[in-house]
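Structure assessment
One letter stands for each residue in the lines below.
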Amino acid sequence: MNTENIVIVLDHPDESRNVGAACRAMANSDIKTLRIVGKKEHYDVEKVHVLAIHAAYIFDNAEFFDSITEATADCVMSAGTTRRRGQKRKGKLLFPEEFAEKAGQITGSEKAPGGKVAIVFGNERSGLSDDQLFECTMGVTIPTSDNFGSLNLSHAVQILCYHMFRENHKTQSGYTPLTLNRLDQTVNTIADDLQKIGFFKVTGRPDMENFWRSILSRAALSEGEAQYLEKVFNKAAGLIGRNAASE
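A quick note: this is a predicted structure, and the numbers were derived from the prediction, not measured.

1. Observations concerning the packing of aromatic side chains
Counted by the stated rule, this structure contains 3 aromatic pairs. Considering the side-chain rings of Trp212 and Phe233, the 5.6 Å spacing of their centres and the 85° angle between planes classify their relative orientation as edge-to-face. Linking Trp212 in helix H9 (residues 205–219) with Phe233 in helix H10 (residues 223–246), this pair joins segments that are 21 residues apart in sequence.

The following block contains the structure:
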């Protein structure tokens, strides 16, 4: 795994000290890229630095965004962390070690640069909402007690970062997977072609796009694979259109 390609995203964290502790947890595992959904002026830099100790540079270099989608646009895969399961909460949730293995296949190594993988953490009080988790392509859960399941934000960051660090020595793939921004072009092509042949009503398009986006992001497609998929759907839509016209 190339830890340079691991991106930690904190969505509107409340407590400046938790942000600092999260920076320290990241540095423990050689992970340095922090992105925050929110405004920098909402945080007390001094309190962040006190808990970050020698990892204050991670916060100082952090980027700030207006949404999870914007914060993860250049990533191949984005995993939202949650302990709650449900129909609208990504269905299957991976354990940290399972996610680390999948992330290791994508992030590459020094010899084979891969793509970025984002791990998204919600607000301390409420975690990620259904809508926020919807912006991620998959879900990750940390098993905890049924009697007291809530983890401190920095502790959750520590656990996920540790598993990334442990995965770091394994062999990686030798290609660069697509970013989510590029993957959306393929998803749009598939949805356009399915709509042309009447596969779904216009109102069903968002659910169809989310389905393909989630599946294809987990597959970590190469550029060649994405182009091949686009050609298959374009050709299928064209053939069906010609057959319908000749009847």
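2. Considerations on the pairing of strand E1 (residues 6–11)
Within E1, 6 of the 6 residues are buried, which leaves it mostly tucked inside the rest of the structure. Alternating residues of E1 divide into Ile6, Ile8 and Leu10 and Val7, Val9 and Asp11, and every residue in both groups is buried. Bridge count between E1 and strand E6 (residues 116–121): 5 bridges; the pairing is parallel. Each bridged residue has a counterpart across the sheet, and for Val7 the counterpart in E6 is Ala118. Direction of pairing for E1 relative to strand E2 (residues 33–37): parallel, over a ladder of 5 bridges. Counted as the bridge partner of Asp11 is Val37 from E2. As for the winding sense of the linkage, the β-α-β connection from E1 through helix H1 (residues 16–28) to E2 is right-handed.

3. Some thoughts on the sheet that holds strand E3 (residues 63–65)
As summarised here, the arrangement of the 7 strands in space is E3-E2-E1-E6-E4-E7-E5, forming an open sheet in which the pairing is parallel. Each edge of the open sheet carries a strand with a single partner, namely E3 and strand E5 (93–94). In this structure, strand E4 (residues 75–81) lies alongside strand E7 (residues 138–140), joined through 3 bridges in parallel fashion. The residue bridging Gly80 from the neighbouring strand is Gly139, located in E7. Lying over the sheet, H1 contacts E1 and E2, oriented at roughly 155° with respect to E2.

4. Brief notes about the nonpolar core
One finds Ile8, Leu10, Leu34, Phe99, Phe121, Val157 and Met164 to be the most contacted residues of the largest nonpolar core, which totals 41 residues. In terms of residue count, the dominant contributor to this core is helix H7 (residues 153–167) (6 residues). Among residues more than four places away in sequence, those in contact with Leu34 are Ile8, Leu10, Cys23, Met26, Ile58, Phe59, Ala62 and Glu63. By size, the runner-up hydrophobic cluster in this structure holds 14 residues, among which are Val187, Leu194, Met208 and Trp212.

About the cut-offs
- Residues numbered from 1 in each chain as written.
- Predicted model: local features only at pLDDT ≥ 70, side-chain atom pairs only at ≥ 80, totals over all residues.
- Heavy atoms only, no water.
- Phe/Tyr/Trp six-rings, centres within 6.5 Å; stacked < 30°, edge-to-face > 60°.
- Helix = DSSP H or I, 4+ residues; strand = E, 2+ residues; numbered from the N terminus.
- Buried < 20%, exposed > 50% of the residue type's maximum accessible area, 1.4 Å probe, protein only.
- Pairing = 2+ DSSP bridges.
- Right-handed = clockwise from strand over helix to strand, strands pointing away.
- Contact = heavy atoms within 4.5 Å.
- Axes fitted to C-alpha atoms, helices over the stretch in contact; angles between N-to-C directions.
- Core = buried A, V, L, I, M, F, W, Y, C linked by side-chain atoms within 4.5 Å.

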